[in-house]
Amino acid sequence: MTALVHVMQQRQRQYKPRQYTERPNLLLQYSDEELYSRYHFRTQDVIYLCDVLRPRQRPTMRSHALTVEEQVLIALRFFASGSFFEVIADSIEVTKSTVGCVVHSVARALSSLLNEYMKFPENEEEISQNKKQFFSIAGMPNTIGVIDCTHIHIQAPHEREWEFVNRKERHSINVQLIGNADLQIINCVVRWPGSVHDSRILRECHIYHRFQQNTPDGILLGDSGYPLLCWLMTPFATVTSNSQQNFNYAHTSTRGTIERINGILKRRFACPNYLRVEPKEACNIICACIVLHNIAQKRRVPMEEDDIPLPEGLIEAPQPHQTDEPAGRAVRSAMVNLYFS
């Protein structure tokens, strides 16, 4: 008994009070250019993000809690670099677990803002503006959006691992994006594993059911992985005339907008190139990056997108041609006769 008391006294004497390291104010430490090179946002943009997320911060009783500014910068560091949590933790003098908690917390807060910062054109003015901008690219008429899917690679999940293996034998989440001519994302579907085909994601999404019931005032452009519908135009699989060739050229040039959006998204935020998290958290991070992308586009955060090479593997291999609907063939033929003959 005496020995046990002696050991307990030794443990009490070895106790050291927790010491807190004074963290630097990164918004004051870095210039605007230095901040942008590390976080891909300028000082005023970071302040804007902090003001947006401040009401969503959970109250805490900790005496040395991270400020909203520190949490936003930690998350932006991860989104921009895709680095390991431990590397980020060492650079700003916090623990690895703290970085993980902050990244997931900020990602959830940003993903909750998805409907606020991602809107499909609804009124006549927005639809007309979209059509004019797309028409100015290559003369493709009546276009309100471009659609495509991109694979976000993730580590092998612990549950239902086989569902996430795509045709390139890598684990991924297949993300459907619809973009406009301003390089903003106006609709997304972020929940399907990599084994699911693009056309199935379309058939199961809200946009498909909405447009099938009420034909929109305009069309979307998609590749041959999608079916030809009265509101979704795909290129001719076999060209038999100059007018069809002209249509395919205008279609490809205009649809390239969604490839640019994918390229900018993955260049601005390196983390979607490979996420070392479970699918649920990966979806939150992807949605957060989409929100940040749209905020960056609206606030004109500088980025030389014309010089951005498409990430390796971004342009998917040709997919099997989907079944064309008669109504879709009729609409496409009318467009060819009116605009490309």
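Residues numbered from 1 in each chain as written. Predicted model: local features only at pLDDT ≥ 70, side-chain atom pairs only at ≥ 80, totals over all residues. Heavy atoms only, no water.

Draft legend 1. Geometry of the overall build of the protein chain. When its secondary structure is counted, the protein chain shows 14 helices and five strands. Looking at the protein chain alone, contacts between residues at least 24 apart form 69% of all its contacts between residues at least 6 apart. Accessible surface, the protein chain: about 18,200 Å² in total, of which carbon and sulfur atoms supply 50%. (Helix = DSSP H or I, 4+ residues; strand = E, 2+ residues; numbered from the N terminus. Contact = heavy atoms within 4.5 Å. Areas by Shrake-Rupley, 256 points an atom, 1.4 Å probe, with all protein chains shown as cover.)

Draft legend 2. Region of interest: the sheet that holds strand 5 (residues 232-233). Strand order in this open sheet of five strands is 3-2-1-4-5, and the pairing throughout is mixed. The sheet is open, and its two edges are formed by strand 3 (185-193) and strand 5, each paired on a single side. As paired strands, strand 1 (residues 143-153) and strand 2 (residues 172-179) are joined by eight bridges and run antiparallel to one another. Bridging across to strand 2, Val146 finds its partner in Gly179. Strand contacts of helix 12 (residues 242-268): strand 1, strand 2, strand 3, strand 4 (219-221) and strand 5, with the helix running at about 45° to strand 1, the strand carrying the most contacts. (Pairing = 2+ DSSP bridges. Axes fitted to C-alpha atoms, helices over the stretch in contact; angles between N-to-C directions.)

Draft legend 3. Region of the structure containing the packing of aromatic side chains. Taken as a whole, this structure holds eight aromatic pairs when the rule is applied. Relative to Phe211, the ring of Phe120 has its centre 5.6 Å away and its plane inclined at 65°; by these criteria the two rings are edge-to-face. Here the residue Phe120 occupies a position in the loop between helix 8 (114-117) and helix 9 (124-138), and Phe211 occupies one in helix 11 (residues 206-213), the gap between them amounting to 91 residues. Exposure class is identical for Phe120 and Phe211. Each is buried. A ring pair is formed by Phe236 and Phe247, whose centres lie 5.5 Å apart and whose planes are at 75°; its orientation type is edge-to-face. Pair noted here: Phe236 is in the loop between strand 5 and helix 12 and Phe247 is in helix 12, with a separation of 11 residues, a long-range link. Among the residues examined, Phe236 registers a relative accessible area of 14% and is labelled buried. Clustering of aromatic rings is evident, with ring pairs tying together Phe120, Tyr208, Phe211 and Trp231. The aromatic ring of Phe236 is capped on one face by Arg332, whose charged end is 3.9 Å from the ring centroid. (Phe/Tyr/Trp six-rings, centres within 6.5 Å; stacked < 30°, edge-to-face > 60°. Buried < 20%, exposed > 50% of the residue type's maximum accessible area, 1.4 Å probe, protein only. Lys NZ or Arg CZ within 6 Å of the ring centre and 35° of its normal.)

Draft legend 4. Looking closely at the environment of Arg268. Inspection of the secondary structure puts Arg268 in helix 12. Under the relative-accessibility criterion, Arg268 is labelled buried at 1%. Sequence separation of Arg268 and Met303 is 35 residues, and the distance between their C-alpha atoms is 8.3 Å. Leaving out residues up to four positions away in the same chain, Arg268 has contacts with His40, Ala80, His293, Ala296, Gln297, Val301 and Met303. Within the local environment of Arg268, its side chain forms a polar contact with the side chain of Gln297, the two groups lying 3.3 Å apart. (Polar contact = N/O pair within 3.5 Å; in protein donor to acceptor, adjacent residues only side chain to side chain.)

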